[in-house]
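Residues per chain, in single letters:
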Amino acid sequence: MVKCPAARPAAVTSWQLLSCHHSPLIRSRNHADIVIASIYVNPTQFSAGEDFDIYPRDPVWDRQQLQKAGCAAIFEPASSLYYQVEGQEGDTGNVAGLGTGHVDAHETWVTVERLQQGLCGGSRPHFFRGVATVVTKLFHIVEPDVAVFGQKDYQQWRLICRMVRDLDFPIKVLGMPIAREPDGLAMSSRNARLSPESRKAALSISAALNWAMDAVMERKVTQPKRIVEEVKQQITAAGGQVDYVELRDADNLQPITDLSQQRTLLAVATWFPAKGKGTVRLIDNTVLEPLKE
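Presented here is an overview of the structure given in this document. (Residues numbered from 1 in each chain as written. Predicted model: local features only at pLDDT ≥ 70, side-chain atom pairs only at ≥ 80, totals over all residues. Heavy atoms only, no water.)

Evaluation of the coordinates by the stated rule reveals ten salt bridges. In this structure, Arg 158 engages Asp 251 in a salt bridge whose closest nitrogen and oxygen atoms are separated by 3.2 Å. Here Asp 251 lies in the loop between strand 6 (241–249) and strand 7 (264–273) and Arg 158 lies in helix 5 (residues 154–166), a separation of 93 residues in the sequence. Taking the relative accessible area as the measure of exposure, Arg 158 reaches 16% and is therefore buried. Across the pair Asp 251 and Arg 263 runs a salt bridge, and its minimum N-O distance is 3.8 Å. (Salt bridge = Lys/Arg side-chain N within 4 Å of Asp/Glu carboxyl O. Helix = DSSP H or I, 4+ residues; strand = E, 2+ residues; numbered from the N terminus. Buried < 20%, exposed > 50% of the residue type's maximum accessible area, 1.4 Å probe, protein only.)

Our focus in this paragraph is the nonpolar core. One finds Phe 139, Phe 149, Ile 160 and Met 163 to be the most contacted residues of the largest nonpolar core, which totals 32 residues. Contributions of two or more residues to this core are made by helix 4 (127–142), strand 4 (146–150), helix 5 and strand 7. By residue number, the principal contributor to this core is helix 4, which donates eight residues. With sequence-adjacent residues up to four places away left out, Met 163 is seen in contact with Val 110, Val 112, Ala 132, Val 135, Thr 136, Phe 139 and Phe 169. Leu 185, Ala 208, Val 228 and Leu 266 belong to the second largest nonpolar core, which has 27 residues in total. (Core = buried A, V, L, I, M, F, W, Y, C linked by side-chain atoms within 4.5 Å. Contact = heavy atoms within 4.5 Å.)

A few words now on the environment of Lys 232. Note that Lys 232 resides in helix 8 (residues 224–237). The exposure class of Lys 232 is partly exposed, given its relative accessible area of 35%.

Another point: the packing of aromatic side chains. The final tally for this structure, using the stated rule, is three aromatic pairs. Between Phe 127 and Phe 128, the ring centres sit 4.7 Å apart and the planes meet at 85 degrees, which makes this aromatic pair edge-to-face. Neither Phe 127 nor Phe 128 differs from the other in exposure class; each is buried. Seen from their ring centres, Phe 139 and Phe 169 are 5.5 Å apart, and the 70 degrees between their planes marks the pair as edge-to-face. In this pair, Phe 139 sits in helix 4 while Phe 169 sits in the loop between helix 5 and strand 5 (172–176), placing the two residues 30 residues apart along the sequence. We note that Phe 139, like Phe 169, is buried. Over the aromatic face of Trp 109 sits the side chain of Arg 129, whose NZ or CZ is 3.6 Å from the ring centroid. (Phe/Tyr/Trp six-rings, centres within 6.5 Å; stacked < 30°, edge-to-face > 60°. Lys NZ or Arg CZ within 6 Å of the ring centre and 35° of its normal.)

Printed below as a string of structure tokens:
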């Protein structure tokens, strides 16, 4: 079967409330003829006890923003129910990852074995299997020439790049820089769930990342262990509960032992108190350039 060339579509993925922080993603028009955006909160990325049911959603707002940005079409499945299991009704018929017990239920997964480990995969081991599987389904359905992912989810972006390479998808994967609020907080749907006090305290994340960049650039601190410890201390002092602070090779996500040989990812995940009860998990990162002799 030969795919006839026509307009080059770009797929812009959003697993969350679109808001203004996805406007850079729509700039993928520079890399394709038309832009198709997907809006989908993927249940396979959440485990029991996580915040799937209360995850911020505003599809009307999302569609308005996409229309203003010149998006040609929106792929917005109600669930990953792209086909129906006979004898089951509604969105629970064949949702990927939902343990219905039906003999014809979903049972096929895509995993990227090494890159899904560590970082966010440490405390959320289910997460990247869900990402890779649903993105694979998206790619098969939409058939984009270009796919755009935000670099705030840095591990996810690298994992998708590797999956596309390994499975020979004819797709160029672009990573878009992190968009931030004026005060430096990385934009995220989950920010809306922060209490006013936590919203202020969460600025410790970007402040700690900025400290690390300056410390490395000015050679005030060059030992990886000291950088990790100081970033943890700054976030903890502000009231955050750290999931991880790690330094990894920015290209292959391997652990590093020094800062002189490669571009280094400094990645953070932490929890802050939510409005009412519970916590909000936030992630952020920066890339440190190698130290020059």
